[in-house]
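Descriptive structure summary
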Amino acid sequence: IISYFNSSQEKKAIDLLYHKVFSKIKIYIRNNRGSKEEAEDIFHDSIIKLIIKIRNNELEPNIDVYAYLFVIAKNLWIVKVKRDKKVQYLENISE
């Protein structure tokens, strides 16, 4: 996967990541009170973070990119859920 990104074949890399990881991300998010649309947003944000890491040479050479992408997505989802809870709490206070 990393070699695809480094050789200007990003579309092929993203397609592979989508087919291997998106369904797992979607299941995780749906099982944790999220929607398919939120899963798509999280997947896209995760891809961007992964591409930045690859371009900055911040990944170990033997890393499991699929697992790493899932962890990025999981962490982004956790942050979103926490942020949404804070917003909901603040909305309740102002009512």
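Bear in mind that the values here come from a model prediction, so they are computed numbers and not experimental data.

1. Considerations on the packing of aromatic side chains
- Evaluated as defined, the whole model comprises four aromatic pairs.
- Ring plane angle 80° and centroid distance 5.7 Å describe the contact between Tyr18 and Phe43, whose orientation is recorded as edge-to-face. A residue pair is termed long-range when its members are at least 10 positions apart, and Tyr18 in helix α2 (residues 10-31) and Phe43 in helix α3 (residues 36-55) qualify at 25 residues.
- Judged by centre distance (5.5 Å) and plane angle (75°), the rings of Phe22 and Phe43 are edge-to-face.

2. Some points on unusual backbone geometry
- The residue Arg33 is not glycine, and still its phi comes out positive at about 65°.
- Position of Arg33 among the secondary structure elements: in the loop between α2 and α3.
- Even without a glycine there, the phi angle at Asn57 is positive, about 55°.

3. A few points about the layout of surface pockets
- The volume enclosed by the largest pocket comes to roughly 190 Å³.
- Lining the largest pocket, in full, are Asn32, Arg33, Glu38, Trp77, Val81, Asp84 and Lys85.
- Per-element tally for the lining of the largest pocket: the top contributor is helix α4 (residues 65-94), with four residues.
- Among the residues making up the lining of the largest pocket, the classes are represented as two nonpolar, one polar and four charged.

4. Digging into the nonpolar core
- In this structure, Phe5, Leu17, Ile29, Leu50 and Leu69 are the most contacted members of the largest nonpolar core, which totals 22 residues.
- At the level of elements, α2, α3 and α4 are the ones that each hand at least two residues to this core.

5. Comments concerning the confidence of the model for the chain
- Confidence in the prediction for the chain averages 89 pLDDT; 89% of positions are at 70 or higher.
- Mean pLDDT values for the elements of the chain range from 78 in helix α1 (residues 2-6) up to 96 in α3.

6. As for α3
- Taking 1.5 Å of rise per residue, the 20 residues of α3 would be expected to cover 28 Å, and the 29 Å separating its terminal C-alpha atoms lies within 8% of that figure.
- The set of residues buried in α3 consists of Ala39, Ile42, Phe43, Ser46, Ile47, Leu50, Ile51 and Ile54.

Cut-offs used in this document
Residues numbered from 1 in each chain as written. Predicted model: local features only at pLDDT ≥ 70, side-chain atom pairs only at ≥ 80, totals over all residues. Heavy atoms only, no water. Phe/Tyr/Trp six-rings, centres within 6.5 Å; stacked < 30°, edge-to-face > 60°. Helix = DSSP H or I, 4+ residues; strand = E, 2+ residues; numbered from the N terminus. 1 Å grid on protein atoms, 1.4 Å probe; cavity = no way out; pocket = protein on both sides within 12 Å on 5 of 7 lines; lining within 4 Å. Points joined across faces, edges and corners; volume = space filled by probe spheres on them. Nonpolar A, V, L, I, M, F, W, Y, C, P; charged D, E, K, R; others polar. Core = buried A, V, L, I, M, F, W, Y, C linked by side-chain atoms within 4.5 Å. Buried < 20%, exposed > 50% of the residue type's maximum accessible area, 1.4 Å probe, protein only. pLDDT = per-residue confidence, 0-100. Expected span 1.5 Å × (residues − 1).

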